[in-house]
Amino acid sequence: MKMRSKIARRIKRTRGEAIVFGIMFAFLVIYTATFVYAYAVTLINTLKDPLEYALGNTYKLPEGKWHWENYLEVFDLLVINGTGYVGMFFNSLWETLLGTIVPIIATVMSSYAYARYKFFGRKAVYFIAIILLTISLPGSLPATYKLYGDLKLMNSPLFYIGATAGLGSNFIVMCGFWNSVSWEYGEAAFVDGANDVTVFFRIMIPQALPLVGIMFLLGFMGGWTEANTSMLYLPEYPTIAYGLFEYERSTKMNMNYPVYFAGLVLTAIPSITLYAIFQDRIMTAMNIGGLKG
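Residues numbered from 1 in each chain as written. Predicted model: local features only at pLDDT ≥ 70, side-chain atom pairs only at ≥ 80, totals over all residues. Heavy atoms only, no water.

Asker: Would you mind showing me how to read the overall build of the protein chain here?
Answerer: Scanning the protein chain from terminus to terminus reveals 13 helices and zero strands. Each helix (α) and strand (β) of the protein chain, taken in turn from the N terminus, gives the series α-α-α-α-α-α-α-α-α-α-α-α-α. Within the protein chain, the fraction of its 293 residues that count as buried is 34%. Taking as baseline every contact in the protein chain between residues at least 6 positions apart, the subset at least 24 positions apart corresponds to 70%. Total accessible area on the protein chain stands at roughly 18,500 Å², and carbon and sulfur atoms take up 68% of it. (Helix = DSSP H or I, 4+ residues; strand = E, 2+ residues; numbered from the N terminus. Buried < 20%, exposed > 50% of the residue type's maximum accessible area, 1.4 Å probe, protein only. Contact = heavy atoms within 4.5 Å. Areas by Shrake-Rupley, 256 points an atom, 1.4 Å probe, with all protein chains shown as cover.)

Okay, structure coming up:
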């Protein structure tokens, strides 16, 4: 620690660098403050009477009683398709886990096969992955919806079979990772009699676990608040995100906003907790990647 502090004292910025650093720091402080302010206002509004909020008290502290019972009313008012908040929480959990784990497994295996083995059409696979990342295909949604319907995968956990394509941004990241891992580990294992499966699962996968863990965390946090999948393909298994969206849409004129905000706060707890615990690793992972074929 002493060595680091000495090195930090030796680093001197030019006047121009100091000005740029100061401007960027001020910008980030203001940017962060806007998020903190928005979260603070939301938390305050969860403790208000619905009539008080409707009459215009949206930015001040509650007048009189603080309504902590709004958090309990979430479990009574947020009911979608006969599923209450607890049921939606459970649906969010298994749908997010399947929607995160299945693509990661497919991506890890497909990227390893691409990076380590030569086969016909290998370059075409990588080209398709890049195209899918750079070109928007909005017209594919109706065809995708019809495909899942024809395959009888709607309203079924088997829907996540479609997540096994294994191509996407994580595929690019994993290809770069596999190319950076020395193949000498695998060659040494082959000399000792190991086969391809043993090398993959017992030598290569352990080295990739830190990166795979970060992919899981990012995927889980993104999937937890995503409502489209449940709304389109699994409406009989509504998630919390879908439930909040439907509650807002169906009761817009007479919605109990404090209870709605309380539902948002409760829903955000898992993602915020994961980010608070693993923020250092997540920020490190944001710098990993590269278009290495």
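Asker: Quick question: what am I supposed to make of a nonpolar patch on the surface here?
Answerer: A contiguous nonpolar surface patch, about 750 Å² in accessible area, is contributed by V20, M24, F27, L28, Y31, F35 and Y39. Along the polypeptide, V20 turns up in helix α2 (residues 15–45). (Patch = residues over 30% accessible without salt bridge, like charges linked within 9 Å, V, L, I, M, F, W, Y side chains within 5 Å. Salt bridge = Lys/Arg side-chain N within 4 Å of Asp/Glu carboxyl O.)

Asker: Looking at this structure, I do not really get the environment of R202. What am I missing?
Answerer: Following the sequence through the fold, R202 ends up in helix α10 (residues 196–224). As a C-alpha pair, R202 and A189 span 13 residues in sequence and 9.8 Å in three-dimensional space.

Asker: Please explain the side chain of T229 as it appears in this structure.
Answerer: Examined against the element boundaries, T229 turns out to sit in helix α11 (residues 228–233). For T229, the side chain forms a polar contact with the side chain of E226, separated by 2.9 Å. Setting aside anything within four residues of it in sequence, one finds T229 in contact with F159, Y160 and L234. (Polar contact = N/O pair within 3.5 Å; in protein donor to acceptor, adjacent residues only side chain to side chain.)

Asker: When you look at the packing of aromatic side chains in this model, what are you seeing that I'm missing?
Answerer: The geometry of an aromatic ring pair is captured by two quantities: the separation of the ring centres and the angle between the planes. Per the stated rule, a full pass over the model turns up 30 aromatic pairs. Judged by centre distance (5.2 Å) and plane angle (70°), the ring pair of Y148 and Y233 falls under edge-to-face. Placement of Y148 in helix α7 (residues 140–150) and of Y233 in helix α11 is noted, with a sequence separation of 85 residues between them. The burial state of Y148 is the same as that of Y233; both residues are buried. Residues F177 and W178 carry aromatic rings whose centres are separated by 5.3 Å and whose planes lie at 65° to one another, so their mutual orientation is edge-to-face. Look at F177 and you get buried, because its relative accessible area is 18%. These aromatic residues form a ring-pair network of at least three members: Y112, Y117, F177, W178, F200 and F201. The side chain of R122 reaches across the aromatic face of Y114, ending 4.2 Å from its centre. (Phe/Tyr/Trp six-rings, centres within 6.5 Å; stacked < 30°, edge-to-face > 60°. Lys NZ or Arg CZ within 6 Å of the ring centre and 35° of its normal.)

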